[in-house]
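Descriptive structure summary
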Amino acid sequence: MPEVPTQDRRPTPIVLDCDPGHDDAIALLLAVASRAIELRAVTTTFGNCSVGDATRNALRILTLAGATSVPVAKGASGSLAGTSELGNYVHGTSGLDGPELPEPAFAATDLTAVELIEQVLTVSAEPVTLVATGPITNVATVLQRGAVDLSKIGEIIFMGGSADRGNHTPTAEFNTYADPEALAVVLGCGLPVKMVGLNLTHQALATPKVVARMREMNHHVGRVAAEWMGFFGSSYRAIWEFDAPPVHDPCTVAALIRPELIQWRKCFVAVETAGEWTRGTTVVDLYDRYHRPANAEVAMTLDADAYWDLVLDAVDALGQAR
Ligand code: BDR
Ligand code: CA
């Protein structure tokens, strides 16, 4: 695999559970390219699109990246409560509208996402990090089933929620709105949990300068990434009046590769499952008003320049190797 400069340490084994999605796509490229990460499996969920489309998108992205030996499994088609909120209004009909992508050069396994995560945990000699960049239904189901030794989960890091405002509703972020009961399971599981919410990811803006750096790489992967940002950017302009789109999901992977890029705060986090107007809202107790033990580390500030250097180096390394 192409090389991205990283610190000198053993790669972190991960499963990336996602709903690609333009920003999930960049997270996948970063995970594939980085030598600090060992991508053991990719699992999919409903979210930005149906789980069928998300699975097809994951296979196409991994084909683009030349990572066709990574096992992929299709996961949840709806939340624990049986709802199926979709984000096509942001990511387009396919969930990944914009540039033409290669047809998948390989197929998903016959296992479900939950079965594949359990298999990865079972055979692993060391703890595995579960990274979730969509509704967190698959991870919650693994925890609820308890069919494997859960101490094999090193930590769970998810993109979702916010210590500020929301996006899907005024107070709720999309992933946490889509399955708040699943997030409640994760927040109550007692394992190390890191939350990368909108308060952090809104610092990861794909500015015109960033997009120009992608385009100027002068290879296919760079051009595809630039066009993804173009589509994603127009949604963010039209819906939320952003000048540049926040590229949320790769912040989770970047946190594993270069932990020093993010400053964290340990605190108590809850998710609203019953509010009339606030369902899916994360309640982040930054100032310990509830006097409850911390159950998560919450991402607070991002070194955005270093983040983009890391992401762009990964995209470039993949493009050069193709
Ligand atoms: C989250 O929802 C989706 O639009 C993105 O892929 C990201 O995971 C941001 O709210
Ligand atoms: Ca996502």
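Residues numbered from 1 in each chain as written. Chains lettered and ligands numbered in written order. Predicted model: local features only at pLDDT ≥ 70, side-chain atom pairs only at ≥ 80, totals over all residues. Heavy atoms only, no water.

Overview of the overall build of the chain
Quick note on the threshold: Only DSSP runs of H or I reaching four residues or more are called helices, and only runs of E reaching two or more are called strands; each is numbered from the N terminus. This radius of gyration counts C-alpha atoms alone. The globule rule is 2.2 Å times how many residues there are, raised to the power 0.38. When accessible area is computed with a 1.4 Å probe and restricted to protein chains, residues below 20% of their type maximum are described as buried, those above 50% as exposed, and intermediate ones as partly exposed. Any two residues whose heavy atoms approach within 4.5 Å at even a single point are treated as in contact. All accessible-area figures derive from a Shrake-Rupley calculation using a 1.4 Å probe, and residue coverage is judged against the displayed protein chains alone.
Looking only at helices and strands, one finds 12 helices and nine strands in the chain. For a compact globule of 322 residues, the expected C-alpha radius of gyration is about 20 Å, and the chain comes in at 18 Å, within 12% of that figure. The buried share of the chain, reckoned over its 322 residues, is 57%. Counted over contacts in the chain with a minimum sequence separation of 6, partners at least 24 positions apart contribute 82%. A total accessible area of about 12,700 Å² is found for the chain, and carbon and sulfur atoms account for 49% of it.

Focus on the packing of aromatic side chains
Defined as follows: When two rings of Phe, Tyr or Trp (its six-membered ring) have centres within 6.5 Å they constitute a pair, described as stacked for plane angles under 30 degrees, edge-to-face for angles over 60, and tilted for the intermediate range.
All told, the structure shown has six aromatic pairs when counted by the stated rule. Seen from their ring centres, Tyr236 and Phe242 are 5.3 Å apart, and the 65° between their planes marks the pair as edge-to-face. One aromatic cluster in this structure is built from Tyr89, Phe232, Tyr236, Trp240 and Phe242.

A few points about the pairing of strand β6 (residues 193-196)
Along any regular strand the residues' side chains alternate between the sheet's two faces. Short version of the rule: Paired strands, as defined in this entry, are two strands with at least two bridges between them according to DSSP.
With burial as the criterion, each face of β6 is covered, one bearing Val193 and Met195 and the other bearing Lys194 and Val196. Pairing of strand β5 (residues 153-159) with β6, which is carried by four bridges, proceeds in the parallel orientation. If you follow Ile157 over to β6, its bridge partner there is Lys194.

Thoughts on the sheet that holds β5
In spatial order, the strands read β3-β2-β1-β4-β5-β6-β9-β7-β8; together these nine strands make up an open sheet with mixed pairing. For this open sheet the edge positions go to β3 (72-73) and β8 (282-285), each flanked by a neighbour on one side alone.

Description of the site of ligand 1
Selection criterion: Summary of the distance rule: residues count as near a molecule or strand when at least one heavy atom falls within 4 Å of that molecule or strand. What qualifies as a polar contact is a pair of N or O atoms within 3.5 Å, subject to a donor-acceptor requirement within protein and to the restriction that residues adjacent in sequence count only when both atoms come from side chains. With a 1 Å grid laid over protein atoms only, a set of points is called a cavity when a 1.4 Å probe fits there but cannot get out and a pocket when it is open yet has protein on both sides within 12 Å along at least five of seven lines; lining residues have an atom within 4 Å of a point. Any molecule with more than half of its atoms within 2 Å of a cavity's or pocket's grid points is regarded as sitting in that cavity or pocket.
Contacts to ligand 1 come from Asp23, Asp24, Asn48, His91, Thr133, Met159, Asn167, Glu173, Phe174, Asn175, His248 and Asp249. Asn175 places a polar side-chain atom, nitrogen or oxygen, 3.0 Å from an oxygen atom of ligand 1. Compared with its free state, where it exposes 280 Å², ligand 1 has 97% of that area covered by protein. With respect to the detected pockets, ligand 1 is housed in the largest cavity.

What to know about the side chain of His168
Topologically, His168 is positioned in the loop between β5 and α6 (174-178). At 2.7 Å, the side chain of His168 and the side chain of Glu85 are in polar contact. Other than its neighbours up to four places away in sequence, His168 contacts Glu85, Tyr89, Glu173, Phe174 and Tyr177.

Focus: the pairing of strand β4 (residues 128-132)
To be explicit about the condition: Looking down the strands as they point away from you, a crossover is right-handed if its path from the first strand over the helix to the second goes clockwise.
β4 sits mainly inside the fold: five of its five residues count as buried. Here strand β1 (residues 12-18) runs beside β4; their pairing, made up of four bridges, is parallel. Paired with Val15 across the bridge in β4 is Leu130. Where β4 lies against β5, five bridges are found, and the strand directions are parallel. Note on β5: the bridge partner recorded for Ala132 is Phe158. As a crossover connection, the stretch from β4 through helix α5 (residues 137-145) into β5 is right-handed.

Topic: the side chain of Thr55
The topology assignment puts Thr55 in helix α2 (residues 51-64). The class of Thr55 is buried, set by a relative accessible area of 5%. Sequence-distant contacts of Thr55, that is, excluding residues within four places in its chain, are made with Thr44, Val72, Lys74 and Ala108.

Brief notes about the environment of Pro20
Summarising the element assignment, Pro20 is placed in the loop between β1 and α1 (22-33). Separated by 287 residues in sequence, Pro20 and Tyr307 place their C-alpha atoms 20 Å apart. Those residues in contact with Pro20, other than ones at most four positions away along the chain, are Ala25, Leu28, Cys49, Ala54, Asn57, Ala58, Ile61 and Gly95.

Quick notes on the confidence of the model for the chain
Condition: You can read pLDDT as the predictor saying how much it trusts each residue, on a scale of 0 to 100.
Taken as a whole, the chain shows an average pLDDT of 96; of its residues, 98% reach a score of 70 or greater. Mean pLDDT values for the elements of the chain range from 96 in helix α3 (residues 88-91) up to 99 in β3.

Some words on unusual backbone geometry
Each neighbour pair has its own omega, and for Pro20 with Gly21 the value is -10°, a cis peptide bond. You can see Gly21 is positioned in the loop between β1 and α1. With a phi close to 60°, Glu241 is a non-glycine residue in the positive phi region. Residue position: Glu241 is located in the loop between α10 (220-240) and α11 (250-257).

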